[in-house]
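Each chain, written out:
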Amino acid sequence: MGTKLLSLACIRGTGDGYSGGLLGRSHYPSMPKYPKGVVVEVEEATEGRVLLSVSGMSCSACAGSVEKAVKRLPGIKEAVVDVLNNRAQVLFCPNFVNEETIREAIEDVGFEATIITDETSEKSTQICRILIKGMTCTTCSSTVESALRSIHGVHRAQVALATEEAEVLYDPIIVSHNKLMKTIEDTGFEPILISTGEDMSNISLQIDGPWNDFSINMIQESLQALPGVVKVDMDTNLRKCSVSYKADLTGPRSFIKVIESTGSGSSGPFKAKIFPKGGGRDSHRHEEINQYKRSFMWSLVFTVPVFLTSMVFMYIPGPKHLLDTKIVNMMTVGHLVRWILSTPVQFFIGRRFYTGSYKSLRHGSANMDVLIALGTNAAYFYSVYSVLRAAASPHFEATDFFETSAMLISFILLGKYLEVMAKGKTSEAIAKLMDLTPDTATLLSFDSQGNVVNEEEIDSRLIQRNDVIKILPGAKVASDGFVTWGQSHVNESMITGEARPVGKRKGDPVIGGTVNENGVLHIKATRVGSESALSQIVQLVESAQMAKAPVQKLADRISKFFVPLVIFFSFSTWLAWFLAGKFDGYPKSWIPSSMDSFQLALQFGISVMVIACPCALGLATPTAVMVGTGVGASQGVLIKGGQALESAHMVDCIVFDKTGTLTIGKPQVVNTRLLKNMVLKEFYELIAAAEVNSEHPLAKAIVEYAKKFRGDEENPVWAEAQNFESLTGHGVRAVVQNKEIIVGNKSLILKKNINISTDAEEILTEIEELAQTGILVCIDGQLTGVLAISDPLKPGAREVISILRSMKVKSIVVTGDNWGTANSIAKEVGIDDVIAEAKPEDKAEKVKELQALGHVVAMVGDGINDSPALVAADVGMAIGAGTDIAIEAADIVLMKSNLEDVITAIDLSRKTFTRIRLNYIWALGYNLLGIPIAAGVLFPFTGFRLPPWIAGAAMAASSVSVVCCSLLLKYYKRPRMLETLEIQGITTV
C-alpha cells in the first residue's frame, strides 16, 4: 500500500508504460483526411507530426471535442488525445495543414493549446507554489491569476483566495519561477516561494559562529562543491543557510558536517542545526494574524476616545462643557480632539487600505480596499472641511464624522482579524497530517561486518536516503522504507485507514508516520522529505484545496462588476438623498438635529459603500472546499479538488468493477478439473510459466497456487515462456517447453476455434453458479483443464448497495469476467444491472451511454483496465489498494479500500455543497438586503438609519460568518447508517 500512496499527488502525471493512456481512436468517415480531388499518391508525401499540450480537458467528452475539431481539418492522418496527460498527438500532411492551424483549431473549441517542440520539454514541466500576501477579495485573486496566465511558458495558473496561494504549471526551459514571482510583485502583492516543483529537496540551516564575508564565502563554496548540491543561499540577517539539493546524492547531515569542519580553522568554530520551524506558510499565517491583532489594538487606543467624545461625553454635563469650549471661532475642543485622534487611524493604521487600493486601481480593477478607502476618506475629509470652515467662520456650526472613519476602520480590522483566524482553521487537516511524523529518530551505525556500533538520536528532518533507523515499540516510523531486521505489527490506520495492525518482517515496506506496535524494527530509509507517502498525500490535499469548483465561477463573474456597481449605487444614493433634501422632497423633520440634508445624504452614501462585501462571495466556495477536502482526507477519502466535489454531490448512478472492488481482490484457486490424463504438478508448471508474465490478479492467483507444488521454494524459477501475448480482457498465450499454452476465459477459447466439450460446459456452469470464475486451459490446441477461482465479496458490499439504493443512487456491475460469475456476484450484493465480458473500452462506452441518458455517473475501480472508464465518468473513484494508473486517473481515492467510503464520499460532497449553497444564500442575501437598508429604504417608514460604522461592522461580520459556516463542516460525521452497519456479524464504529 505504501508504494501506491506515492502516486496520489498527481503533480506530474506520466502515462509511460501504459498503452491505454491514449483514448481509443474514433474515426469520422464523413470527414475526409485529405481535400476532395487529391489522388492517393499523397499518402506517400512527407508526414508531419506535432505534439501539443492541451490544458482545460477534464473528461473524455473534452478529449472527443478536441479530436473532432482536429480531424475536421484537411490533411489530417490521425489525431489521438491523451486526457490523462493533457496531450494531443497529430499526424498530418504538411502540404495541406500546418502546426499552427492545428493549435488554433483546438483553441477554437475552448481549450488552451501549446506546441511542444520535443517530448523532453513536456516532461520538464513543473508546478510552482507561491504564497501571496495582501489579497483581500476575488478581484485580487483574479488579477494575479490573469497576470500569471499571460506569461509565455505558463500552462496553467490557479490562485486561491482562501489559502492565499498560487499553483502554477510552467515550463522551466521557457520561464523561471523568479519571473513568476516578479509578475506577482508587479501586480502589487507580496509573493513568498513555497516550492518550485523541481526534482530536488530544500532545507534551511541555522549557523552560529563568527559571521563575516570570508567565512560566508568559505561556507558557501564548500557546500556548493558537494555532489548533488544545486543552490546555496546565505541570509546574513537571520544567520540562515538555505540549500537546494538532490536527495539521492547528498543530505542535510553532510551539510552540517561540512559547515562545522569548515569553521574549525582560524575563523573560529561554527555550529549548524536545522533552522527552527516557522519559515513556512503557517508562520506567515501567524504573522498575518498578529499584524491584524496589533493594528486592531492600536486602532482601539485612538477609536475608543473618539467614540466617547462624540457619543458618550456629549450627554454628560461636565465633559460636554469642556468639549464644547470654543478654540477658534466655532471650532471646539471636541472637534480638535477627534481630528487629532482619528488621523493616525485613517493614515497610519489604515494605510493598508490605501496601498491595496492603489495596487488594485493601477491594474485597472477595483477591490474591497477601494470601497473602504473611498468610504473612510469621504467621512474623514468632509469632517476636516467642516471643522476648518467652523474655524474660519464665527457662525458656521460644524458636524464632524471623525468617529465614522475611525470606527469603520477599527471594525473592519476586527473582522479581518477574525476572518484570518477562521481561515487558518480551515487547513487544520493538513497540519494534523504533517504532525504525524516524529520529531526525532534513532540513527544506527554499523561496522564492516554489519554489527551495530553506535546509536544516535537525530532530528527526523536529518534522515537521508539509505540511513538505517531503529524503531522502538510504540514509536512512530520516521521515514518510508523497508524492514532490514526484526518483526513487529505496525498500525497504519492514520495513513491507510486500515484499523488492524499489519505484520512486518524483513523486506516488508513501511510508511513514515505509522506506529510500531510491539517488536523492535530496523528500517532502511528509501523515501525522505517531499518524496514520502505522507508528503505526497499532503501535496494532494493542498492541490485539491487550490482547485476551483465550477460553482466558484459565479462569484468570479460577480466580482468583476461588483465594486464599480457599488460605487455607482453609493454615488446614486448620495445624489438622490441630497437632491430630495435640496428640493424639499421629504419633510425637514426627517433630518437629525445634528445634521443638514447634505450630511444625511453623505451618511447614506458612505453606508452603501462600506456595507457591500465582495469578500463573502469570494470565500463562499473555497473555504467550504478546503474544509471538505481536509475532512475527507481525515476520513480516508482523498478528493482531488472542487470539480470532483461538485460532480460527486450530483451522482445518481455508480458503475462498479467486480474484481478488487466488490470483491476482496485476492482471488484463490479453489478447484482444478483435468480433462486429459496429466500429472497435476506438470500441468501447473506449464500454466504458471505462462501466467507469471501477466499482472492480472487471476494470473497471480494461479502462479501462487502453482508454488505449492514446489514445496518450500520461496522464489521458484519457471520455465521460459516464448512468444508471450497478453490478450486484455481474455487471457494469455505463450509457448512453454515447445507447447502452445492458452489460459483464459470461454470467449478466448472460442475465438481460437478450440472445441469446448459438454463436460467442460457443465463444469463451467457449476463453477459460475457458485459465484466463482472458470478459467480454461488449452495445451497444443486441446482443452486440458478447468480452474475454479474464487474471489470472496468484500465485507458489507450488500449493505453498501442497499444504502446507495436508499440514497436514490443506481448501481451497475461492469466486469471483464464471464456472465455466470458476474450474475452470481451481482445477485449476491443486490445489483440488477450487469454487463460481463467487457473490455476496458466497453466499460468506458457503458459510462458514456449512461451519461447520454442523463445520469451523472461515478465509476469505482482499481485496475489498469478501469482507467479509461474512470476518466470517462463524471467522478472516478479509485480503490486505494489498486494500481497507480487507476489512482492517477481517478478524481477520488478511497484510501481504506472499503466500499462504505463510496457512501462517505457522496455524502460528504452533498454536505459540502449544502454548505456552499448556504454560504451563497448568506453572502448574496446579505448584499441584496444590506445595500437597500444602508441606502435608507426603511428610513421614510420607520425612521431606521444604518450609521456607516455599523454598516462597516456588518460588512466585516459577513465574511467571518461565511468562514465560520464552512468551518462547521469540521464536525462532519459519516451517515448514521454506516455507524451501525453490520458487516457479517461485526458492527463497525
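Please refer to the structure higher up on the page.
**Here we look at the overall build of the protein**
Looking only at helices and strands, the protein has 35 helices and 38 strands in total. Classification of the 989 residues of the protein by burial places 54% in the buried group. A sequence separation of at least 24 residues applies to 71% of the contacts in the protein between residues at least 6 apart. With an accessible surface of roughly 43800 Å², the protein has 55% of that area assigned to carbon and sulfur atoms.

**Quick notes on the sheet that holds strand E21 (residues 509-510)**
Reading across from one edge, E16-E15-E17-E23-E18-E21 is the order of the six strands in this open sheet, with antiparallel pairing throughout. Here the strands that pair on one side only, and so sit at the sheet edges, are strand E16 (452-459) and E21.

**Points about the packing of aromatic side chains**
Given two aromatic rings, their pairing is described by the distance between the two centres and the angle made by the two planes. In the structure shown here, the tally under the stated rule is 24 aromatic pairs. Their ring planes at 90 degrees and their centres at 5.2 Å tell us that Tyr380 and Phe381 sit as a pair that is edge-to-face. Judged by relative accessible area, Tyr380 falls into the buried class, the value being 4%. Given the relative accessible area of 45%, Phe381 is considered partly exposed. Ring geometry for Trp574 and Phe598: centres 5.9 Å apart, planes at 85 degrees, overall edge-to-face. Of the two residues, Trp574 is situated in helix H18 (residues 552-582) and Phe598 in helix H19 (residues 597-611); the sequence distance between them amounts to 24 residues. Counting every residue linked through ring pairs, the aromatic cluster contains Trp339, Phe347, Tyr354, Tyr380, Phe381 and Phe402.

**Details of the sheet that holds strand E2 (residues 76-82)**
The strand order E2-E3-E1-E4 describes an open sheet built from four strands, whose pairing is antiparallel. Of all the strands in the sheet, the pair left with one neighbour each is E2 and strand E4 (112-116). Ignoring strand direction, the axes of neighbouring strands in this sheet form an average angle of 25 degrees. Pairing of E2 with strand E3 (residues 87-92) involves six bridges; the strand directions are antiparallel.

**Some points on the packing of H19 against helix H34 (residues 948-967)**
One can describe the packing of H19 onto H34 by two numbers: an axis separation of 8 Å at closest approach and a directional angle of 10 degrees. Comparing their axes, H34 and H19 come out roughly parallel. Contact residues: H19 offers Gln603, Ile606, Ser607, Val610 and Ile611, while H34 offers Pro948, Ala951, Gly952, Ala954 and Met955. Residue composition of the contact of H19 with H34, by class: seven nonpolar, three polar and no charged.

**A short note on the side chain of Thr376**
The topology assignment puts Thr376 in helix H13 (residues 368-392). The buried category is assigned to Thr376, whose relative accessible area is 2%.

**As for the nonpolar core**
Formed by 126 residues in total, the largest nonpolar core has its most connected members in Leu148, Leu180, Ile654, Leu804 and Ile892. Every residue in contact with Leu180, bar those within four places of it in the chain, is listed here: Cys128, Ile130, Leu148, Ile151, Val154, Val168, Tyr170 and Val175. Counting 38 residues, the second-largest nonpolar core is a separate cluster that includes Ala247, Phe255, Ile259 and Leu462.

**Some thoughts on the packing of H13 against H19**
Between two packed helices, both the angle of their axes relative to each other and the distance between the axes serve to describe the pair. Relative to each other, H13 and H19 sit at 160 degrees, their axes nearing to 8 Å. Classified by the interaxial angle, the pair formed by H13 and H19 is roughly antiparallel. With respect to the hand of their crossing, H13 and H19 are arranged in left-handed fashion. On H19, the residues touching Leu371, Leu374, Gly375, Ala378, Ala379 and Tyr382 of H13 are Phe598, Gln599, Leu602, Ile606, Met609 and Val610. Here the residues of the contact of H13 with H19 sort into 10 nonpolar, two polar and no charged.

**Some thoughts on the environment of Val81**
Considering the arrangement of structural elements, one finds Val81 in strand E2. Note on Val81: relative accessible area 1%, which makes it buried.

**Some details on the pairing of strand E23 (residues 521-527)**
Direction of pairing for strand E17 (residues 468-471) relative to E23: antiparallel, over a ladder of four bridges. Directly across from Ile469, in E23, lies its bridge partner Ile523. Direction of pairing for strand E18 (residues 480-485) relative to E23: antiparallel, over a ladder of five bridges. Within the sheet, the bridge partner assigned to Phe482 lies in E23 and is Lys524.

Criteria and cut-off values
Residues numbered from 1 in each chain as written. Predicted model: local features only at pLDDT ≥ 70, side-chain atom pairs only at ≥ 80, totals over all residues. Heavy atoms only, no water. Helix = DSSP H or I, 4+ residues; strand = E, 2+ residues; numbered from the N terminus. Buried < 20%, exposed > 50% of the residue type's maximum accessible area, 1.4 Å probe, protein only. Contact = heavy atoms within 4.5 Å. Areas by Shrake-Rupley, 256 points an atom, 1.4 Å probe, with all protein chains shown as cover. Pairing = 2+ DSSP bridges. Phe/Tyr/Trp six-rings, centres within 6.5 Å; stacked < 30°, edge-to-face > 60°. Axes fitted to C-alpha atoms, helices over the stretch in contact; angles between N-to-C directions. Parallel < 35°, antiparallel > 145°, perpendicular 65-115°, else oblique. Nonpolar A, V, L, I, M, F, W, Y, C, P; charged D, E, K, R; others polar. Core = buried A, V, L, I, M, F, W, Y, C linked by side-chain atoms within 4.5 Å. Left-handed = near helix turned anticlockwise from the far one by under 90°.

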